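# Fold and geometry: a report
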Amino acid sequence: MKLLFIGDIVGRPGRHVVRELLPKLREQHALDFVIANGENSAGGSGITPETAAEIFSAGVDVITSGDHLWDQKEVMDLLADEKRFLRPLNYPPGTPGQGAGVFEVQTPNSKAQSPISVGVLNVQGRTFMPPLENPFLLAREEVKWLRELTKIIFVDFHAEATSEKIAFGRFLDGQVSAVVGTHTHVQTADEQILPGGTAYLSDAGFTGPHESVLGREIEPVIQRFLTAMPQRFEVAKDRVLLHGAVIEIDGASGKAIKIQRVAEAV
Ligand SMILES: [Fe+2]
Ligand SMILES: [Fe+2]
């Protein structure tokens, strides 16, 4: 089976490029399942039921998130009743929402008659990030129960430090189908299949305007670094790209066969 993971969707330009390109990508890569990080989909900060609905209707099956989760208060509605929306697993016990889910996929592209189950796990790093519960310990437990339901498991590891991301990928190698990083908004070129059969990429990049600083207008960010005074960071407009990775997985073993980076303009 083949899945596409889409890196952080930033604002309206990001949502737009997903809507424009996803039908073509689904066909071109014979995709069975699409996951997208939506933490920046509402005006560049956070996510609302409206922006989530737009992303789902563009053809995304599951939305993950990260540290910008709380930027729009309407996210509480998504956390309360949208099973296809995940937040990082390692928030303290009692936090609304869920960090993992198992989703049934009717795969038009495979010979199998019955639907296949795909596990999706969203975890956040702690290095140069707000402190959360230990992602390694919690992910290990979560993967154990996910594996009782399916061997096909995708992990979005939302983290800053490449060391933490690589260590996390190595830690889960052989236990999950793929570990792909998000959060830095910069696509890395280290895609690989680890020895245990887990596809790995330190960061998928971001989906939105790349004539920017990580999706925001350039000048205010420079001013912020020059003056240390707060600035409004509007979402930029130009050179809109969809960033992500296509991962091919052996349905029986859950091991990855291939990982390919995606960077496409409309
Ligand atoms: Fe982001
Ligand atoms: Fe983030």
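Here is a short report on the structure shown in this document. Remember, predicted model here, so these are calculated numbers, not experimental data. (Residues numbered from 1 in each chain as written. Chains lettered and ligands numbered in written order. Predicted model: local features only at pLDDT ≥ 70, side-chain atom pairs only at ≥ 80, totals over all residues. Heavy atoms only, no water.)

## Here's the deal with the pairing of strand β1 (residues 2–6)
What counts here: The rule is simple: take the accessible area with a 1.4 Å probe, protein chains only, and divide by the maximum for that residue type; under 20% is buried, over 50% is exposed, in between is partly exposed. Per the convention used, a helix needs a DSSP run of H or I reaching at least four residues, while a strand needs a run of E reaching at least two, with both numbered from the N terminus. Any two strands are treated as partners once DSSP identifies two or more bridges connecting them.
Within β1, 4 of the 5 residues are buried, which leaves it mostly tucked inside the rest of the structure. In terms of strand pairing, β1 meets strand β11 (residues 240–249) through 5 bridges, oriented antiparallel. Residue L4 lies in a different strand from β11, and its bridge partner there is V246.

## Overview of the sheet that holds strand β5 (residues 116–124)
The condition that has to hold: Note on definitions: a residue-residue contact is assigned when non-hydrogen atoms from the two residues lie within 4.5 Å. Comment: axis = line fitted to C-alpha atoms, over the contacting stretch for helices; angle = value between 0 and 180 degrees taken between N-to-C directions.
Judged by pairing direction, the sheet is mixed, and its 6 strands sit side by side in the order β4-β5-β6-β7-β9-β8 without closing on themselves. Strands with a single pairing partner mark the edges of an open sheet, and in this sheet they are β4 (100–105) and β8 (192–193). Inspection of the sheet shows β8 paired to strand β9 (residues 199–201) by 2 bridges, in the antiparallel sense. Pairing of Q192 across the sheet is with Y200, part of β9. Contacts between helix α4 (residues 135–149) and the sheet are confined to β4, β5 and β6 (153–158), with β5 contributing the most and set at about 175 degrees to the helix.

## What to know about helix α2 (residues 49–57)
The cut-off we apply is this: Taken from the helix axis, the directions to the C-beta atoms give the arc we talk about.
Within α2, the full set of buried residues consists of T51, A52, I55 and F56. For α2, the angular spread of buried residues about the axis comes to 140 degrees, placing them on one side. Away from its buried face by more than 90 degrees, α2 exposes E50 and S57. Residues of α2 that are buried in the fold lie against α1 (11–28), β3 (62–64) and α3 (75–81). Remark: G59 follows α2 within two positions and exhibits a positive phi of approximately 115 degrees.

## Topic: the coordination of the iron ion (ligand 2)
Defined as follows: Here a donor is any nitrogen, oxygen or sulfur atom (N, O, S) within 2.8 Å of the metal, with 3.2 Å used for Na, K and Ca; water is not among the atoms considered, so some sites may look incomplete. For a four-donor site, all angles between 85 and 135 degrees give tetrahedral; for four or six donors, opposite pairs above 155 degrees with the remaining angles between 65 and 115 give square planar or octahedral; all remaining cases count as irregular.
Protein-derived ligands of the iron ion (ligand 2) are E39 (OE), D67 (OD), H158 (NE2) and H183 (ND1), with the metal-ligand distances lying across 2.1 to 2.3 Å. If you look at the iron ion (ligand 2), its 4 donor atoms make angles of 85 to 147 degrees with each other, and the shape they trace is irregular. For the iron ion (ligand 2), all donor residues lie on one chain, and their spacing in sequence is E-x27-D-x90-H-x24-H. Here the iron ion (ligand 2) and the iron ion (ligand 1) are spaced 3.6 Å apart, linked through E39, which binds each one. Pair noted here: D67 is in the loop between β3 and α3 and H183 is in the loop between β7 (178–182) and β8, with a separation of 116 residues, a long-range link.

## Structural notes on the coordination of the iron ion (ligand 1)
Every protein donor of the iron ion (ligand 1) is accounted for by D8 (OD), E39 (OE), N40 (OD1) and H185 (NE2), and the metal-donor separations fall at 2.1 to 2.2 Å. For the iron ion (ligand 1), the 4 donor atoms in the first shell make angles of 89 to 167 degrees at the metal, so the coordination geometry reads as irregular. The motif formed by the donor residues of the iron ion (ligand 1), counted along the single chain, is D-x30-E-N-x144-H.

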